[in-house]
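What follows is the residue order along each chain.
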Amino acid sequence: MTDIVSPAAGVTVSKAPARRDIGIKRRYAAERRFQAYGIAAISFGLVFLFILLWTVIGKGYTAFQQTAITLPIEFVEKTIDPDNKRATDPSVLIAANYPVLLRDAIVKQLNINASSRPDVRDASAMLSKSAPIQLRDMVIADPSIIGKTVNVTVLADANVDSANKGQIDLLVDEKNRKVNDKQVGWMNELKASGALHKQFNTGLFVNGNSSRPEAAGLGVALIGSLYLMLIVLVLSLPIGVAASIYLEEFAPKNKLTDLIEVNINNLAAVPSIVYGLLGLSVFINFIGLPRSASLVGGLVLTLMTLPTIIIATRAALRAVPPSIRAAALGLGASKMQMVFHHVLPLAMPGILTGTIIGLAHALGETAPLLLIGMVAFVANAPTTPLDPSTALPVQVYMWANEAERAFVERTSGAIIVLLLFLIVMNMGAILLRRRFERRW
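Residues numbered from 1 in each chain as written. Predicted model: local features only at pLDDT ≥ 70, side-chain atom pairs only at ≥ 80, totals over all residues. Heavy atoms only, no water.

Counted only if it meets this: UniProt positions are given in the numbering used here, feature names are shortened, and annotations may be inferred rather than shown by experiment.
By the naming in an unreviewed UniProt entry, the protein is Phosphate transport system permease protein PstA, taken from Rhizobium sophorae. The protein has a UniProt comment under Sequence similarities (unreviewed entry) that states "Belongs to the binding-protein-dependent transport system permease family. CysTW subfamily."

Next up, the structure:
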């Protein structure tokens, strides 16, 4: 300690307290800087998260509504079944000229001169190309409507839908937009009469893929994702838990188990596309399973999810206090009884949490599914895991590559649906952890 002697007062002053105060001030300043850096980092991440969600939701919320037009359709018998053969040959109802029924209905609704071909063509173009299929299904389901006039609500064309939602600037020159001035006037006329309106887009959740944006939906992708998650859950949970129990409770601690543990940790960090290459070479090329099948996708995602579940399960088993094991063994329980009657039930909340997080990770994967062919155009819903199908992230990828303007909102809408699934699964994991968590 260094002292300072004041000649005037003859008082000795120590430097130690002053240095100690300076050190405390520096420490507090460093803590405040660290807190500021942490707050800045969190704020930086939140800003980008907000921008991402704002962009996706701003572009995708309109996908949950669809423009439709209600028209009085006259199911003319001469157009549908001119020779009256439907009693002996039902196939005539499939091959009928349903576009003519729609054309006549829209021309009559708008009071257009039927001899003006450009006007008739522009009016017919306001209706979706999927509308004739809707009329065909109605006639096949109930042939008694032939000869009657029925009010039918059909989808509007994608360009009309975009214009009605304000996604097309109608003030620009007519040559630079896909909806001309006549169609805009007819839209206003139909809207004033109540024939043109927006409704909830149920087709987004039940329809399959389509080259027409207004008719495209996530139905096939939702079913395919459900098959994938069921396969991953059925395979990865029992295999992962069994492997974890053996490695944590029964396996001897030697070089072999150390090597296995290191490899499991390394597999958790392997890029997902490597698992896609593995599935392509083993499950498709070697075993011969069908491409684009949910079964192959589920097997690939199971391999990818297993390391995550094993690591989470081992951590949950390790978190159970050793006193539980000692008490069970001390009361005469065998090691098997100790594990399955005492340790495993107490570790189950952590196991379920890790499993749900692994499933959520698998649900958002795209790269391995692309390599096994689940990027195929599938319009019909799969009935078994061996049928061709696709998945939600793959459907987002496919729609993002489409050139049609209306697919932009479809892509963002599919992202919103996928995010909702991921949020629900992660919230379920949090609730399970908080509900069953025990503090020792």
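From this point, the discussion proceeds with the structure in view.
### A closer look at the UniProt feature "transmembrane region" (unreviewed entry) in the protein
Keep this limit in mind: Numbering of helices and strands starts at the N terminus; helices are DSSP runs of H or I of at least 4 residues and strands are runs of E of at least 2.
Those places that UniProt annotates as "transmembrane region" (unreviewed entry) correspond, in this numbering, to residues 34–57, 218–247, 267–289, 295–317, 338–363 and 413–432. In residues 218–247, helix accounts for 97% and strand for 0%; the two terminal C-alpha atoms are 41 Å from one another.

### Quick notes on the UniProt feature "domain: ABC transmembrane type-1" (unreviewed entry) in the protein
In the numbering used here, UniProt assigns the "domain: ABC transmembrane type-1" (unreviewed entry) feature to residues 222–428. Secondary structure over residues 222–428 splits into 76% helix and 0% strand, and the C-alpha atoms at its two ends are 19 Å apart.

### Notes on the nonpolar core
Selection rule: To qualify as a nonpolar core, a set must consist of buried Ala, Val, Leu, Ile, Met, Phe, Trp, Tyr and Cys residues joined through side-chain atoms within 4.5 Å. When a residue's accessible area, from a 1.4 Å probe over protein chains only, is under 20% of the maximum for its type it is buried; when over 50% it is exposed; and in between it is partly exposed.
With 41 residues, the main nonpolar core has L301 and L369 as its most contacted residues. Of all elements in the fold, only α9 (219–250), α11 (272–286), α12 (294–319), α14 (335–363), α16 (392–400) and α17 (406–436) reach the threshold of two or more residues within this core. Here this core gets 8 residues from one element, more than from any other, and that element is α17. I112, V179, V184 and M187 belong to the second largest nonpolar core, which has 38 residues in total.

### Points about the environment of R27
Mapped onto the elements, R27 comes out in helix α1 (residues 16–60). Overall, the relative accessible area of 46% leaves R27 in the partly exposed class. With 289 residues separating them along the chain, R27 and A316 place their C-alpha atoms 38 Å apart.

### Some thoughts on the packing of aromatic side chains
Two aromatic rings, taken as a pair, are described by how far apart their centres are and by the angle between their planes. Our working rule: Any Phe, Tyr or Trp ring, taking Trp's six-membered ring, that has another such ring centre within 6.5 Å forms a pair; planes under 30 degrees apart are called stacked, those over 60 apart edge-to-face, and the others tilted.
Scanning all chains against the criterion turns up 5 aromatic pairs. Here the aromatic residues F64, F200 and F205 are joined through ring pairs into a cluster of three or more.

### Focus on the domain arrangement of the protein
To keep it simple, the criterion reads: A domain assignment, automatic or from a database, supplies the domain bounds used here. Any two residues having at least one pair of non-hydrogen atoms within 4.5 Å are treated as being in contact. Buried surface area refers to the total accessible area, computed with a probe of radius 1.4 Å, that the two partners give up upon joining, counted for both partners together.
Looking at the protein, the domain boundaries give domain 1 (68–199) and domain 2 (218–436). A C-alpha centroid distance of 46 Å is found between domain 1 and domain 2. In this assembly, 7 residues from domain 1 lie in contact with 4 residues from domain 2. When the two sides are added together, the surface that domain 1 and domain 2 hide from each other amounts to roughly 420 Å², 31% of it contributed by carbon and sulfur.

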